[in-house]
Amino acid sequence: MNAPVLASSGTSTVAAPLHSSSSQIPPDQAVTAQSLPQPARSDSGAAVNAFFEKWGVPLGGMFLTGIIGYFSALLPLKDNINENKTEISVAKKEIEHVKEDVKRMEGDVGKIPALSTDIAVIRAKLEMTETRGKK
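Conventions adopted
Residues numbered from 1 in each chain as written. Predicted model: local features only at pLDDT ≥ 70, side-chain atom pairs only at ≥ 80, totals over all residues. Heavy atoms only, no water. Helix = DSSP H or I, 4+ residues; strand = E, 2+ residues; numbered from the N terminus. Buried < 20%, exposed > 50% of the residue type's maximum accessible area, 1.4 Å probe, protein only. Areas by Shrake-Rupley, 256 points an atom, 1.4 Å probe, with all protein chains shown as cover. Phe/Tyr/Trp six-rings, centres within 6.5 Å; stacked < 30°, edge-to-face > 60°.

Novice: What am I meant to see in the overall build of the protein chain here?
Specialist: Counting its secondary structure elements, the protein chain contains 2 helices and 2 strands. Secondary structure elements in the protein chain, listed N-terminal to C-terminal, are β-β-α-α. In the protein chain, which comprises 135 residues, the proportion classed as buried is 1%. Surface exposure of the protein chain reaches about 12900 Å², of which carbon and sulfur atoms provide 63%.

In structure tokens:
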């Protein structure tokens, strides 16, 4: 900060004393909060504050209640899904066993014509043996 130079009637000039942070400033040069420029306040900010003062807590409470309700409903749903997965896997194993039984039965049923033929051949041999034995 440049200090103003005081002129005197003599041949030399004397500079005005510089103010340090520890020296006192005259009241007319002091900066106060009142002397600072104030920002303009908008009415929209007041309207937003009034809205949140009136509706903020109820809306926030409803939001939190919704989140709590969602997760409260989700937990039993997960348990039911896990139970269904278990039941599905058990049913799948039972179906596989039934398929194996059906394949085995199909194999057995497929042998019936051959068995019938064998039985017919045996009967024919038996009848021929009986007819030879009677003669």
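Following the structure, the description resumes.
Novice: Hey, could you run me through the packing of aromatic side chains in this one?
Specialist: In total, this model carries 2 aromatic pairs according to the counting rule given. Relative to F52, the ring of F51 has its centre 5.5 Å away and its plane inclined at 70 degrees; by these criteria the two rings are edge-to-face. Here Y70 and F71 contribute two aromatic rings whose centre-to-centre distance is 5.1 Å and whose plane-to-plane angle is 80 degrees, an arrangement assigned as edge-to-face.

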